Each structure stands twice: as structure tokens, then as C-alpha cells.
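# Working through the structure, step by step
Residue-level listing of the chains:
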Amino acid sequence: MPREALREALLNACINKDYAEPSPIQIRVYENKLEIINGGVLPEG
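The structure contained in this document is the topic of the report that follows. Since the model is a prediction, treat every value here as computed from it, not as a measurement. (Residues numbered from 1 in each chain as written. Predicted model: local features only at pLDDT ≥ 70, side-chain atom pairs only at ≥ 80, totals over all residues. Heavy atoms only, no water.)

### With respect to the overall build of the protein
Formally: Numbering goes from the N terminus for both helices and strands, where a helix is a DSSP run of H or I of at least four residues and a strand is a run of E of at least two. Partly exposed describes any residue whose relative accessible area lies between the buried limit of under 20% and the exposed limit of over 50%, with all areas from a 1.4 Å probe on protein chains only and scaled to the type maximum. Note on contacts: a residue pair qualifies if any of its non-hydrogen atoms lie within 4.5 Å across the two residues. Accessible surface area values rest on a Shrake-Rupley calculation with a 1.4 Å probe, where residue burial reflects the displayed protein chains alone. Residues scored as charged are limited to Lys and Arg (positive) and Asp and Glu (negative), so that His and the chain ends carry no count. Each charge is placed at NZ for Lys, CZ for Arg, CG for Asp and CD for Glu.
Across its full length, the protein holds one helix and two strands. Ordered by position from N to C terminus, the α and β elements of the protein give α-β-β. When the backbone C-alpha atoms are referred to their principal axes, the protein occupies close to 30 × 25 × 15 Å. Relative to its full complement of 45 residues, the protein shows a buried share of 4%. Sequence-distant contacts in the protein: of pairs separated by 6 or more residues, those separated by 24 or more amount to 27%. Accessible area for the protein stands at about 4,000 Å²; split by element, carbon and sulfur atoms hold 55% of it. If the 5 positive side-chain charges of the protein are averaged to one point and the 7 negative ones to another, these points end up 6 Å apart.

Structural data, given as C-alpha cells:
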């Protein structure tokens, strides 16, 4: 994965997280994929 893409994915997870929820940002690394999960939603529009 290109370094710039990973950086953008991590920043998006931090920026779009709903900090009112206590759930942490989760990062899961698999052999063939990377998952970044947060409790936030993308803004409408």
C-alpha cells in the first residue's frame, strides 16, 4: 500500500470519528487487506 494512501486513510479515520462514542479506532491487518474501523460517519453532501 502506498504510504500516502495509508496516511490519508488513518487521517480520515481520526477526523471522521464520533468522539462522543467511547469506541476506539480499530486497525486490523490481514495478509491480503487492511481494515480501519471507527464509530463515525461521513458528512452528508
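What follows continues from the structure just given.
### As for the packing of aromatic side chains
Convention followed: When the centres of two rings from Phe, Tyr and Trp lie within 6.5 Å, Trp using its six-membered ring, the rings pair. Their planes under 30 degrees apart give stacked, over 60 give edge-to-face, and anything left gives tilted. Note on criteria: charge over ring means Lys NZ or Arg CZ within 6 Å of the ring centre, with the direction from the centre no more than 35 degrees off the ring normal.
Counted according to the given criterion, the structure contains zero aromatic pairs. A cation over a ring is seen here: Lys17 above Tyr19, with NZ or CZ 5.2 Å from the ring centre. Geometry around Tyr30 places Lys33 over its ring, the cationic atom sitting 5.2 Å from the centre.

### Things to note about the environment of Ile36
Tracing the chain through its elements places Ile36 in strand β2 (residues 34-37). With a relative accessible area of 25%, Ile36 lands in the partly exposed category. Along the primary structure Ile36 and Arg3 are separated by 33 residues, whereas in three dimensions their C-alpha atoms are 15 Å apart. Excluding anything up to four places from it in sequence, Ile36 contacts Ala9, Leu10, Ala13, Ile25, Gln26 and Ile27.

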